[in-house]
Amino acid sequence: MKTPIAVLIADDHPIFRAGLQEVLAPDASLKIVGQAGDGAAAWRLIQELQPRVAILDLDMPGLSGLEVARKVLAAKLPVALVVLTMYKEARIFEEAIEAGILGYVLKESAVHDLLGCIQSVLAGQAFISPALSSLLLDRKARTRSLLEAKPELQTLTPTERRILSLVAENLTSKEIAERVQISAHTVENHRANICRKLNLQGSHSLLKFAFDHKPRLTSET
């Protein structure tokens, strides 16, 4: 018999946490190993328990679910992430996608979507509640628009696209180097190559371009 997949639930509403337990209980392949009512507790438990899946409410006191997710990703922990939200706002959706989170579920759809989402993220595949499909389509349309306006983006290497997306996060070359695990000097060379390929001139032109097109850049990386 396979060992159940360890799941952690973090939400500041006890009643909603209980509801999530009811959703997951029928699936014998899953086991809830911990619960948290705020972001700081969620981050502590993730480090202690090392669950295979962490279900995080985006709107929690202390650390938000997005902040916890970013910590997990930065620490390269083997935890599949699912975030829950009440909102259908494009900005929040974009931030979650940009952070590298694979699972994005509306709370109102959790009963129907959560198990499927968990299965997807465990397989390394993205899952977004169908009710958010319009946001995803809008995102893809904006990406196509940017590529049409700046076709030179397609000449960037995968590493250059990754670095461009990190520039959009306002990271320094040293911080990017740590994230990508290359030297700061190599990052500077990549930045120079990106500017040359995109015909960007001036000391702040790359940063401005990255900021102006941040949501579209990250969807390409």
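Just above, that's the structure.
Attention here is on the structure that accompanies the text. Note that the structure is a prediction, hence the values are computed from the model and not measured.

The next thing to look at is the pairing of strand β3 (residues 53-57). With 5 of 5 residues buried, β3 is to be regarded as a mostly interior element. Pairing analysis gives 5 bridges linking β3 to strand β4 (residues 80-85), with the strands arranged parallel. Bridging from a neighbouring strand, Ala-54 pairs with Leu-81 of β4. Considered for its hand, the β-α-β crossover made up of β3, helix α3 (residues 65-74) and β4 is right-handed.

Of all the residues in helix α2 (residues 39-49), the buried ones are Gly-39, Ala-41, Ala-42, Trp-43, Leu-45 and Ile-46. Buried-residue contacts for α2 involve β1 (5-10), β2 (30-36), β3 and α3. Between the side-chain oxygen of the N-cap and the backbone nitrogen of Ala-40 there are 3.1 Å, and the N-cap of α2 in question is Asp-38. Phi turns positive one or two residues past the end of α2, at Gln-50, with a value near 50 degrees.

This brings us to helix α9 (residues 184-198). If you check α9, its first and last C-alpha atoms are 21 Å apart, about what 15 residues at 1.5 Å a residue would give, namely 21 Å. Among all positions of α9, only Val-187, His-190, Arg-191, Ile-194, Cys-195 and Leu-198 are buried. Buried positions in α9, seen along its axis, are confined to an arc of 140 degrees and lie on one side of it. Exposed and facing more than 90 degrees away from the buried side of α9 are His-185 and Arg-196. Positive phi appears at Asn-199, one or two residues downstream of α9, with a value of about 55 degrees.

Calculation rules
- Residues numbered from 1 in each chain as written.
- Predicted model: local features only at pLDDT ≥ 70, side-chain atom pairs only at ≥ 80, totals over all residues.
- Heavy atoms only, no water.
- Buried < 20%, exposed > 50% of the residue type's maximum accessible area, 1.4 Å probe, protein only.
- Helix = DSSP H or I, 4+ residues; strand = E, 2+ residues; numbered from the N terminus.
- Pairing = 2+ DSSP bridges.
- Right-handed = clockwise from strand over helix to strand, strands pointing away.
- Contact = heavy atoms within 4.5 Å.
- Polar contact = N/O pair within 3.5 Å; in protein donor to acceptor, adjacent residues only side chain to side chain.
- Expected span 1.5 Å × (residues − 1).
- Arc of directions from axis to C-beta.

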